[in-house]
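Residue-level structure breakdown
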Amino acid sequence: EKEKQCEADGIALKTNITVTHTGRISKAHLCSIFSNLTDNAAHECETLPPNKERIITLNAAQKNGFISVICENPVKDGRDRVLKPSDSSGYGMKILRDIAKEYDGRYSCEIKGGVCTSKITINIHK
């Protein structure tokens, strides 16, 4: 669904997802992770000037009882900084932070070199 939406908006969505076991993570939370990361990245891509490439990379892997998801996308304001859910006007980052906490994980988002990198890691066994 998100791939079709990105395509319609002129955004390339490249994924590499190698998660085979989700453990205790609910399907709703897993879906929420991917959809919130993609929605946030797509929203940023929509603000880019027409001459800037609109691309989202979404990678997910599992190792040692954790699932890690990393989403990267270009941003209009390339000023380096750490973004906090409490500073966000929407709910996407707050939802990601809350899901990470529920599963003894971490969520972070930073902009560096004109690229926004959002990372969430969740414990699938605890």
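Scroll up to find the structure.
Residues numbered from 1 in each chain as written. Predicted model: local features only at pLDDT ≥ 70, side-chain atom pairs only at ≥ 80, totals over all residues. Heavy atoms only, no water.

**Focus: the state of the cysteines**
Counted by the stated rule, this structure contains zero disulfides. Counting only cysteine sulfurs, cysteine 45 is the nearest neighbor of cysteine 6, a cysteine outside any disulfide, at a range of 7.5 Å. Free of any disulfide, cysteine 116 has its nearest neighbouring cysteine sulfur in cysteine 109, separated by 3.5 Å. A relative accessible area of 7% means that cysteine 116 is categorised as buried. (Disulfide = S-S within 2.5 Å. Buried < 20%, exposed > 50% of the residue type's maximum accessible area, 1.4 Å probe, protein only.)

**A few points about the sheet that holds strand S3 (residues 66-74)**
Here we have six strands laid out as an open sheet, ordered S1-S2-S3-S6-S5-S4, and mixed in their pairing. A single partner strand is all that each edge strand has here, and the edge strands are strand S1 (12-18) and strand S4 (81-83). When strand polarity is set aside, the average angle formed by the axes of neighbouring strands in this sheet is 15°. As paired elements, strand S5 (residues 106-112) and strand S6 (residues 115-123) share seven bridges and run antiparallel to each other. Bridge pairing in S6 links tyrosine 107 to isoleucine 120. (Pairing = 2+ DSSP bridges. Helix = DSSP H or I, 4+ residues; strand = E, 2+ residues; numbered from the N terminus. Axes fitted to C-alpha atoms, helices over the stretch in contact; angles between N-to-C directions.)

**What to know about the pattern of salt bridges**
This model, assessed by the stated rule, comprises five salt bridges. Between aspartate 98 and arginine 97 there is a salt bridge, and its shortest N-O distance comes to 3.1 Å. For aspartate 98, a relative accessible area of 40% puts it in the partly exposed group. Arginine 97 gets classed as partly exposed once you look at its relative accessible area, which sits at 28%. Where salt bridges share partners, they join Asp77, Arg79 and Arg81 into one cluster. (Salt bridge = Lys/Arg side-chain N within 4 Å of Asp/Glu carboxyl O.)

**A word on the side chain of serine 35**
Its place among the elements puts serine 35 in helix H2 (residues 27-46). For serine 35, a relative accessible area of 18% puts it in the buried group. At 3.4 Å, the side chain of serine 35 and the backbone oxygen of serine 32 are in polar contact. (Polar contact = N/O pair within 3.5 Å; in protein donor to acceptor, adjacent residues only side chain to side chain.)

So far we have only geometry, and geometry alone does not tell us how the molecule works.
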